[in-house]
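If you want the building blocks of each chain, they are given just below.
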Amino acid sequence: MSGPDLEQRAQQARAAAEAAGQGHVFEHWGSLVDSEREALLKDLEGLDYGYLSRVFTSSMAVSSAPSYDGTEPARDVLRLKDWAASGRAAEWTQHGYRLIAEGRAAVLLLAGGQGTRLGSAAPKGCYDIGLPSHKSLFQLQAERLLRTQQLAAAATGTAAVDVKPLRWYIMTSAFTHEETVAHFEQHNYFGLKQEQVIFFQQGFLPCFTEDGKLILEAPGRLAKAPDGNGGVYLALARSGLLEEMAVAGVEALDCYCVDNALARLGDPRFIGYCHGGAGGGAGADVGARVVAKAYPEEKVGVFARRAGAAAASGPASALCVLEYSELDPARAAATDPATGHLYFNWSNICMHYFSVPWLRRVASELLAGGGSAYHVARKRIPSVSGPVPGVKLELFIFDTFPLAGERTALVEVDRREEFAPVKNAPGSASDSPDTARAALLSLHVGWVKAAGGAVACAEGVEVSPLLSYGGEGLGQVVGGKSYDTPWADELQRPAA
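Residues numbered from 1 in each chain as written. Predicted model: local features only at pLDDT ≥ 70, side-chain atom pairs only at ≥ 80, totals over all residues. Heavy atoms only, no water.

(A) How the structure looks around the pattern of salt bridges. In total, this model carries 27 salt bridges according to the counting rule given. The salt bridge partner of Glu 418 is Arg 289, with a shortest N-O separation of 2.8 Å. Of the two residues, Glu 418 is situated in helix H12 (residues 415-418) and Arg 289 in strand S11 (residues 286-292); the sequence distance between them amounts to 129 residues. Taken as a pair, Glu 418 and Arg 289 share a single burial class, namely buried. (Salt bridge = Lys/Arg side-chain N within 4 Å of Asp/Glu carboxyl O. Helix = DSSP H or I, 4+ residues; strand = E, 2+ residues; numbered from the N terminus. Buried < 20%, exposed > 50% of the residue type's maximum accessible area, 1.4 Å probe, protein only.)

Below, the structure is given as structure tokens:
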């Protein structure tokens, strides 16, 4: 586009930039062709300079403070095995199914990552970890969602056609959005209704100099970086999806990351416990599934409580996450003599619960420039004049947890059943497609044996999520049978 309209927009954008002390972004305007001018205006017209200034100032002010000061390990963890015989867990599960059947619960997927480290140019969710079925991570998760809907109908005595489709909100990035949508379209949404799968994109933040000036990567383009998985709050708000959830009656979101091959998305027990304030439920605004740390050096964040004056962004005893890089080796390896476990023992596996009213409040606070400071990464930033020292700002999804105050819930789950991340290249000894595949096939061996079958194959066996979400309903299928290969036709058919 050229002519008066482009010039009028340029005048408005220039005035806004100059008022914010960022007029230098137009210093090359006279040498740009129309396509470059259009690109620069696209970068600038979406900027909220006041918000950027507030976020930059607050983040830089706390960037050097040790984040573990004033923290204690999180000990308020619900251990489900302690409740197995009480019947309470069954009540939480039933409540979760009721929320799902009534459309009051939904699922949120963080899927902005590429498969670069896996040797793939496609989005990570499109990756095939090498199962006999060759299903992608997206397909495994879509089929678990379908099965959850069936179970919710059965548990609540609701006809399948009357169960509201379980909404699946999928946050992509500029790098993965088009391919992710195409993957779903090519596979006919894996049997889901198209309208229940809602895509939205993670945002970007511009890169800054140390004194808060925007950096031009090229004469007609700002230097930008993704705003972190904590960008989900603002992305949901700016896309209008938080308003849509409220109108649709959605009260609770179950959130997880795409690279977890064992993710039990929409887990009714977890949703039911976190949501339910009565009958022993938590009535939480924020919840998290946790696993015990495998070993002191494991590269995972750990849950902690920040007490007293250290809880700057929330009340005393605010829930927070300490990244593994924030704990010195001695502190990470310290053992609690009262339990015999690691002092900081409960790992963050990015499987969270959020109440929708809380999400709306947090998004409003972030938009106002408050709520939580962003993490500051000092890097050499490519610029129009060559690499320069600069700052990238990133918000992690757990950075806002202190804002939930005491309305939080931590639930221990079995790593072997719910956590198999796919982060490293094939052949890696940990967190690789190979280890995730082995974990899934091993889990399914346990299901088959518990249902009266036998598995003679050392590799294990694969059970379709359409047949069983968590090992249920397999007795009539596998009872008295033995499997000597990982593939069996009857284990890939949908449940009757």
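(B) The layout of surface pockets, seen in detail. Roughly 630 Å³ of volume is contained in the second largest pocket. Taken together, 22 residues form the lining of the second largest pocket, with Gly 46, Leu 47, Gly 203, Phe 204 and Lys 224 sitting closest to its centre. At the level of elements, helix H2 (34-45), helix H3 (49-62), strand S6 (204-206) and helix H7 (232-238) are the ones that each hand at least two residues to the lining of the second largest pocket. Here the lining of the second largest pocket is built from residues that sort into 10 nonpolar, 6 polar and 6 charged. There are two domains that each give the lining of the second largest pocket at least three residues, and those are domain 1 (1-47) and domain 2 (68-423). (1 Å grid on protein atoms, 1.4 Å probe; cavity = no way out; pocket = protein on both sides within 12 Å on 5 of 7 lines; lining within 4 Å. Points joined across faces, edges and corners; volume = space filled by probe spheres on them. Nonpolar A, V, L, I, M, F, W, Y, C, P; charged D, E, K, R; others polar. Domains from an automatic or database assignment.)

(C) Examining the domain arrangement of the chain more closely. For the chain, the assigned domains are domain 1 (1-47), domain 2 (68-423) and domain 3 (428-495). Here the C-alpha centre of domain 3 lies 58 Å away from the C-alpha centre of domain 1.

(D) How the structure looks around helix H4 (residues 88-101). Between the first and last C-alpha of H4 there are 20 Å, a value that for 14 residues agrees with the 20 Å anticipated at 1.5 Å per step. Those residues of H4 that sit buried are Ala 89, Trp 92, His 95, Gly 96, Tyr 97, Leu 99, Ile 100 and Ala 101. In the core, the buried residues of H4 are packed alongside strand S2 (77-79), strand S3 (105-110), helix H5 (137-156) and helix H9 (268-275). Looking one or two residues beyond H4, the residue adopting positive phi is Gly 103, at roughly 75°. (Expected span 1.5 Å × (residues − 1). Contact = heavy atoms within 4.5 Å.)

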